[in-house]
Amino acid sequence: MTNRLIGDARPTYLYDIGVDQSVAQSIVTGALKDLGWPLRVRVETSKRRTKRRHGTYFHRTRTILLYPIGMNVGTVIHELSHVWGHGHGKVFKDAHRKLLKMWE
Ligand SMILES: [Zn+2]
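Given the structure is predicted, the values throughout are model-derived calculations rather than measurements.

**Q** Summarise the overall build of the protein chain; cite the residues concerned and give the values.
**A** Counting its secondary structure elements, the protein chain contains three helices and three strands. On C-alpha atoms alone, the protein chain measures out to a radius of gyration of 12 Å, which is about the 13 Å that the 2.2 N^0.38 rule sets for 104 residues. Taken along the three principal axes of its C-alpha coordinates, the protein chain extends 35 × 25 × 25 Å. The proportion of buried residues among the 104 residues of the protein chain is 28%. When contacts within the protein chain are restricted to residue pairs at least 6 apart in sequence, long-range pairs at least 24 apart make up 45% of them.

Dropping the structure here:
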């Protein structure tokens, strides 16, 4: 379990709740709306099998890319937190905590 959570602000059961692309997109759009964030973030999926990487956030295009092992709510929230923080520092962690509170 530790390996798959590398880079996370903290573990959460939300990693066990599966999503497809449209559910992931609804989570992202809904959370941004609730937070009053004016920008749109797109969700895309990749079929590429990865061992450790669950998702990526591309700042330039504001796109979250989810890999097959990252098709879950926890990864969506993790990647969405990168809208505010590039690395896994304080800004990221604060955003992550705030987003998790909307769910847990
Ligand atoms: Zn990350």
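So, next bit.
**Q** Could you give an account of the environment of Lys51, with specific residues and numbers?
**A** Structurally, Lys51 is set in the loop between strand S1 (42-45) and strand S2 (55-58). The spacing of Lys51 and Ile69 is 18 residues in sequence and 7.8 Å in space, taken between C-alpha atoms.

**Q** Run through the sheet that holds strand S3 (residues 63-66), naming residues and quoting values.
**A** The three strands are arranged S1-S3-S2 in an open sheet whose pairing can be described as mixed. One side of each edge strand has no neighbouring strand; the edge strands of this open sheet are S1 and S2. Averaged over neighbouring strand pairs, the angle between their axes works out to 20 degrees when direction is ignored. Direction of pairing for S1 relative to S3: parallel, over a ladder of four bridges. Bridging across to S3, Val43 finds its partner in Ile64. The strands that helix H1 (residues 21-34) touches are S1 and S3; relative to S1, the one it contacts most, it runs at about 155 degrees.

**Q** Tell me about the pairing of S2, and name the residues and values.
**A** Side-chain direction in a regular strand flips from residue to residue, so the side chains alternate between the two faces of the sheet. In terms of strand pairing, S2 meets S3 through four bridges, oriented antiparallel. Looking across to S3, one finds that Tyr57 is bridged to Ile64.

**Q** Give me the lowdown on unusual backbone geometry, citing residues and values where you can.
**A** Backbone phi values are negative for most residues with the exception of glycine, while trans is the configuration of most peptide bonds. The residue Arg62 is not glycine, and still its phi comes out positive at about 50 degrees. In this fold, Arg62 is placed in the loop between S2 and S3.

Conventions we followed
- Residues numbered from 1 in each chain as written.
- Predicted model: local features only at pLDDT ≥ 70, side-chain atom pairs only at ≥ 80, totals over all residues.
- Helix = DSSP H or I, 4+ residues; strand = E, 2+ residues; numbered from the N terminus.
- Rg over C-alpha atoms; globule rule 2.2 N^0.38 Å.
- Buried ≥ 20, exposed ≤ 12 C-beta atoms within 10 Å, placed from the backbone.
- Contact = placed C-beta atoms within 7 Å.
- Pairing = 2+ DSSP bridges.
- Axes fitted to C-alpha atoms, helices over the stretch in contact; angles between N-to-C directions.

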